[in-house]
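# Geometric and topological summary
Given next are the chains, with one letter for each unit.
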Amino acid sequence: MTARPEAGAGTMGGGQPWSIGEVSVRELTRRHVLVPWASQASLPHPVIDHGEGCWLYGPDGNRYLDLSSGLINVNVGHAHPHVVAAIERQARRVAYVVPSFATDVRALLAEKLAQYSPQGKLTKVFFTSGGAEANENAVKMARLFTGRHKILTAYRSYHGATYGAVTLSGDNRRWAVEPGIPGVVHFFAPYPYRSPFRVPPEEQAVAALAHLEEVLLYEGPHTVAAMILEPIVGSDGLIVPPDGYLQGVRQICDRHGILLILDEVMAGFGRTGRWFAAEHWNVVPDMITLAKGVTAGYVPLGGVLVHSRIASYFDDHVLWGGLTYSGHALACAAGMATLEVYEQEGLIERAARMEAVLRGRLEELARRHPIIGDVRGKGLFFGVELVKDRATKEPWVPWNSSNSGPTGRLLSIVMQKGVYLFGRWNMLFVAPPLTIREDELDFGIRALDEALSAVEP
Ligand SMILES: Cc1ncc(COP(=O)(O)O)c(C=O)c1O
């Protein structure tokens, strides 16, 4: 029988700060919690007590630099007082009202998102609790609006873990739900470092667009409701498309009456140095799906930002979708406060300025570590691709492989050096809070440097 935790256990409760009654937090977690995307038996469960700025603190006094902003969502850093105060205030007023009632925080947040949407043309928001639900609802709206059913999506992509969203996704996280939802067709998008089209980087955009046209020829463009793309691919390889690609996709969609949905769940909210990554290429999509950075992870929130042309369709057609937590007041208050932090602290511009610093540090690492095959990114959103051999580009750990042991070992060495870093197979994701200082960044890069030396042959 487990000893019961007392109210205020943890650092506040006296005694051993990492124990709850007689049992450790780690042991209780091992006994009673299922952790995503993992076989459970050997998980280390590092315990976190609190966070501040770019740092997470364990109850044992250890601290870790959060070099990946959690799962690339804690863009304003941890325990930001402005966001914390807004959450406290809203919790005292009202945390939840049904979606058919209006609140000031939901209305103001929706207005601000519309203002920051590309060219201000995406004027309405359907709020969800996270990114997967946003993509599910975007697909549903596209199908309702067009009366068509197919959805085209890239192999190198991730759109969430619910049945529909993970069917859209391209990596092995999809396999467990297959056959998934019907009507999803995958295609190859550009990957300049490893061209699926076997052409040099400068020919990628043209080759990728020709491939997309060919896929459409066989699928029948009149059957396709939407294409969904990450403007910069996140956890599936941090892939920045060549200039011209997204513009070309927009033109193809327009030619065939297909809607373009950009999944900005990871790339949005300053991560790439712009409010939305689509701005780098001046593309106005029909919908943007968002989550993560909208509240910087303080309260779960997602949404679909919808072009006025599509939003007005639902003036006299039922929007067949709903969630208990659509427009959750506490989450919207956190969202408003987070957007105010971006504005007041100039964090979007800061991420754009810091790009050169981060790129410089990572390229310097690449000069000393042959295991680094490629460094790429925008703003404070960078990927480091590891290879066995620079000439052949053989991945350090094969993509979609069931053996991620070497990656786990590398990340745990980084962690021992006081840095949390997110990585998958042969990709490391260096995406710190947009507030990070240069000396903090240097601390993180030094840990990575030493860890790479430790795993290099
Ligand atoms: C691009 C992208 N879309 C969607 C999602 C899913 O978001 P959530 O985990 O909030 O459902 C993620 C999560 O990492 C993501 O990176």
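How each quantity is defined
- Residues numbered from 1 in each chain as written.
- Predicted model: local features only at pLDDT ≥ 70, side-chain atom pairs only at ≥ 80, totals over all residues.
- Heavy atoms only, no water.
- Near = heavy atom within 4 Å.
- Polar contact = N/O pair within 3.5 Å; in protein donor to acceptor, adjacent residues only side chain to side chain.
- Areas by Shrake-Rupley, 256 points an atom, 1.4 Å probe, with all protein chains shown as cover.
- Helix = DSSP H or I, 4+ residues; strand = E, 2+ residues; numbered from the N terminus.
- Pairing = 2+ DSSP bridges.
- Axes fitted to C-alpha atoms, helices over the stretch in contact; angles between N-to-C directions.
- Domains from an automatic or database assignment.
- Contact = heavy atoms within 4.5 Å.
- Buried area = accessible area lost by both parts, 1.4 Å probe.
- Salt bridge = Lys/Arg side-chain N within 4 Å of Asp/Glu carboxyl O.

### Some details on the site of the ligand
Taken together, Gly 130, Gly 131, Ala 132, Asn 135, Tyr 158, His 159, Gly 160, Glu 230, Asp 263, Val 265, Met 266 and Lys 292 are the residues near the ligand. Backbone polar atom of Tyr 158 to a nitrogen atom of the ligand: 3.4 Å apart, as the coordinates give it. In this structure, Lys 292 approaches the ligand through a side-chain N or O atom, which is 3.0 Å from an oxygen atom. Alone, the ligand offers 390 Å² of accessible surface; in the complex the protein occludes 80% of this. Among the elements that take part in the shell around the ligand, helix H5 (residues 131-146) stands out by supplying three residues, more than any other.

### Points about the sheet that holds strand E16 (residues 419-420)
In a beta sheet, neighbouring strands pair by backbone hydrogen bonds and run either parallel or antiparallel. Spatial strand order, E3-E4-E5-E16: four strands in an open sheet with mixed pairing. Strands with a single pairing partner mark the edges of an open sheet, and in this sheet they are strand E3 (50-52) and E16. With two bridges joining them, strand E5 (residues 63-66) and E16 adopt parallel strand pairing. Each bridged residue has a counterpart across the sheet, and for Asp 66 the counterpart in E16 is Tyr 420.

### A short note on the sheet that holds strand E12 (residues 302-307)
The seven strands are arranged E6-E12-E11-E10-E9-E7-E8 in an open sheet whose pairing can be described as mixed. Of all strands in the sheet, those bounded by a partner on one side alone are strand E6 (122-128) and strand E8 (184-187). Geometrically, the sheet is characterised by an average inter-axis angle of 20 degrees between neighbouring strands, direction not taken into account. Two elements, strand E7 (residues 150-154) and E8, share four bridges in a ladder whose sense is parallel. Paired with Ala 154 across the two strands is Phe 187, which belongs to E8.

### Here's the deal with the domain arrangement of the protein
Per the domain assignment, the segments of the protein are domain 1 (46-76 + 346-455) and domain 2 (81-344). With 40 residues of domain 1 at the contact, the number on the domain 2 side is 40 residues. Between domain 1 and domain 2 lies a buried interface of about 3000 Å² when both sides are counted; carbon and sulfur atoms form 59% of it. Sorting the residues of domain 1 by area buried against domain 2 places Ile 348, Lys 378 and Phe 381 first, and these three jointly supply 24% of that buried surface. The interface formed by domain 1 and domain 2 contains three salt bridges. Taking the shortest distance from any N to any O, the salt bridge between Arg 424 and Asp 236 comes out at 3.5 Å. Counting the contacts that link domain 1 with domain 2 gives 21 residue pairs in polar contact (both at pLDDT 80 or more).

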